[in-house]
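A look at the structure
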Amino acid sequence: MTTNSDTEFAPDHVTVVRHSPSQSRWAAEGAALEFGRFQILLRRRLLIADGVPVQLGTRALDVLLILIEADGSLVTKENLLARVWPGIHVSDENLKVQISALRKALGEDRDLIRTETGRGYRFTAEVKSIAAGSAFRHAARQRQRPAQRSRSRWVTARSFPECSRREARPSTIPKSRLFKALAFATGLGLSALSYTAHAAPTGGSGTVQGLYDTLLDTMKNGRTLGQSGRFAQLAPVIRRSFDVALMARLSVGPSWSGLSEAQRQEVAESYGRYISAIYADRFDSYSGQKLEVTGEQPAPFGLMVKSRIIKSTGEPVEVDYVMRQNGESWLIADIYLDSAISEVATRRSEFAAILKTQGVDGLIAALNRKADILTGTTARSS
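Description of the structure in this document. Sequence order as written defines the numbering, with residues in each chain counted from 1. Only residues with pLDDT of at least 70 get local features here, since the model is predicted, and only at 80 or more are side-chain atom pairs given and counted; chain-wide, interface and lining totals rely on the full set of residues. Hydrogens are left out, water is left out, and the side-chain values use all remaining heavy atoms of the structure.

Turning our attention to the overall build of the chain. Per the convention used, a helix needs a DSSP run of H or I reaching at least four residues, while a strand needs a run of E reaching at least two, with both numbered from the N terminus. A tally of helices and strands in the chain yields 12 helices and 13 strands. Sequence separation of 24 or more characterises 71% of the internal contacts of the chain that already satisfy a separation of 6 or more. Here the open area of atoms and residues is found with the Shrake-Rupley method and a 1.4 Å probe, where only the protein chains shown may cover a residue. Surface accessibility of the chain: about 16,100 Å² in total, with carbon and sulfur atoms responsible for 48%. Whether two residues touch is decided by their heavy atoms; if any such pair falls within 4.5 Å, the residues are in contact.

Rendered as structure tokens:
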């Protein structure tokens, strides 16, 4: 995973107790923030992109939170320097380093941070505040409901993150439904290495372990493989590990019934390619991360595989995998980050806007275009 130090160009002999920008009106509510395909868990100070945690230095995250708090207004360089490095005289170069780190983390959405030469910076995305605590409780209640109702809610409540802010703005949905959406969105990101002794290797834990064996190998050879090489190595494993067809159907939502079989196949193909591209981009290098399966338990919808990713800083991120049986295989159908945030629901709300304005061909093109950018490859013509 890409990491960034927030100490570059900063004095290493000064200790300052800082008031983090995350201790704002949002943090007081125990909230999370969402913009486009990104979420920020404020209490954990964790940035998530397409369901995958992004390691970001403390000061880079502080800069992002200050820009978000300005609600689209210009934040001057002087203001940022004073708030991020209080009581310390630093040059503009320090700020440029953190802005560069943020833009790298945002990837193809880097233009959300706009530079106004000689003045400062402006954050242009629409940001929503959502109560993380209520999402956690709601997700827990959903998993406890009877099997038949759970399956019905799954089909109707999921969504999938936005392809691009420029292509479509996310639709407005009630906060309770937004959290269901977030849960599937986080699902794209994380799995595990080891599994409990009583779990069969061919079960849900075995699927997650196989994915993470490949992820770790890819990370350790990430720089040698490069973007296209990581994608080529991960894509077949992603397709064997995820129920791509089901996730594509749930992400498209009601519009799926109106698609021809050829269109459904195209959507599933571009969706699988997009997921693979996200993994190839996010799991690009190794710096001591650990991927651990911590347990497996029956669930109304199949199995729940519990796991965690331990970042290079030692901070654990809890990840629960929803597994559905497909023939003799257990495939990943959803992932919950911190038992609250899910992948496909967020996608679905954003895909709906694209489908409404550009149709299914526009959605397919958008998914392939994003995959092209992330991997340096080109989708094959059908």
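Still more to cover.
Moving on: the sheet that holds strand S5 (residues 75-76). Each pair of strands is called paired provided DSSP finds at least two bridges between the two strands. Sheet architecture is open: three strands sit in the order S5-S7-S6, paired in antiparallel fashion. If you trace the sheet from one side to the other, it starts and ends with S5 and strand S6 (113-116), each paired once. Bridge count between S6 and strand S7 (residues 120-123): four bridges; the pairing is antiparallel. If you follow Glu116 over to S7, its bridge partner there is Gly120. Angular values range over 0 to 180 degrees, each being the angle between N-to-C directions of two axes fitted as lines to C-alpha atoms, with helices fitted over their stretch in contact. Packed onto the sheet, helix H2 (residues 58-69) meets S5, S6 and S7 and runs at close to 70 degrees relative to S7. Contacting S6 and S7, helix H4 (residues 92-106) crosses the sheet at an angle of about 145 degrees to S6.

Before going further, it helps to spend a moment on the pattern of salt bridges. Counted as salt bridges are all cases of a side-chain nitrogen of Lys or Arg within 4 Å of a carboxyl oxygen of Asp or Glu. A complete count under the given rule lists 16 salt bridges for this structure. With a closest N to O distance of 2.7 Å, Asp62 and Arg45 form a salt bridge. Of this pair, Asp62 sits in helix H2 while Arg45 sits in the loop between strand S2 (38-41) and strand S3 (46-49); the two residues are 17 residues apart in sequence, bridging distant segments of the chain. The rule is simple: take the accessible area with a 1.4 Å probe, protein chains only, and divide by the maximum for that residue type; under 20% is buried, over 50% is exposed, in between is partly exposed. With relative accessibility at 1%, the residue Asp62 sits in the buried group. Arg45 gets classed as partly exposed once you look at its relative accessible area, which sits at 25%. Residue Glu315 pairs with Lys311 through a salt bridge whose shortest N-O separation is 3.1 Å. Because the salt bridges share partners, they merge into one network encompassing Arg37, Asp50, Glu108, Asp109 and Lys370.

Attention shifts here to the sheet that holds strand S12 (residues 329-337). Note: strands within a sheet are paired through backbone hydrogen bonds, in either parallel or antiparallel orientation. Across the sheet, which stays open at both edges, the four strands sit in the order S9-S10-S11-S12 with antiparallel pairing between neighbours. Where the open sheet ends on each side, the last strands, each with one partner, are strand S9 (290-299) and S12. For this sheet, the mean angle separating the axes of adjacent strands, direction not counted, is 25 degrees. Pairing between strand S10 (residues 302-310) and strand S11 (residues 316-326): eight bridges, direction antiparallel. Across the sheet, residue Ile309 finds its bridge partner in S11, namely Val317.

Here a helix's expected span is defined as the number of its residues, less one, multiplied by 1.5 Å. Taking 1.5 Å as the rise per residue, H4 with 15 residues should run 21 Å; its terminal C-alpha atoms sit 21 Å apart, in good agreement. Residues of H4 that are buried include every one of Asn94, Leu95, Val97, Gln98, Ile99, Ala101, Leu102, Arg103, Ala105 and Leu106, and no others. Positive backbone phi, at 60 degrees, marks Gly107, one or two positions downstream of H4.

By convention, a stacked pair of Phe, Tyr or Trp rings (six-membered ring in the case of Trp) has centres within 6.5 Å and planes under 30 degrees apart, an edge-to-face pair has planes over 60 apart, and any other such pair is tilted. Enumeration over the complete set of coordinates arrives at five aromatic pairs. Between Phe35 and Phe123, the aromatic rings sit 5.1 Å apart at their centres with planes inclined by 85 degrees, giving edge-to-face as the arrangement. Highlighted residues: Phe35 in strand S1 (residues 31-35) and Phe123 in strand S7, separated in sequence by 88 residues. By relative accessible area, which is 2% here, Phe123 ends up buried. Three or more aromatic residues link up through ring pairs in this structure, and these residues are Tyr212, Phe242, Tyr279 and Phe283.

We now examine the pairing of S12. Along S12, eight of the nine residues are buried, which leaves the element largely enclosed by surrounding structure. Relative to S12, S11 runs antiparallel, the two sharing eight bridges. Along S12, the bridge assignment pairs Gln325 with Trp330. In textbook terms, the turn of a hairpin is the stretch between consecutive antiparallel strands, and for S11 and S12 this stretch comprises two residues, one of which, Gly327, has a positive phi near 65 degrees.

Think of a nonpolar core as a cluster: buried Ala, Val, Leu, Ile, Met, Phe, Trp, Tyr and Cys residues, connected wherever their side-chain atoms sit within 4.5 Å. Formed by 60 residues in total, the largest nonpolar core has its most connected members in Leu211, Tyr212, Phe242, Tyr271, Tyr279 and Tyr321. The next biggest cluster of nonpolar side chains, apart from the first, holds 36 residues, and it includes Ala49, Val75, Leu112 and Phe123.

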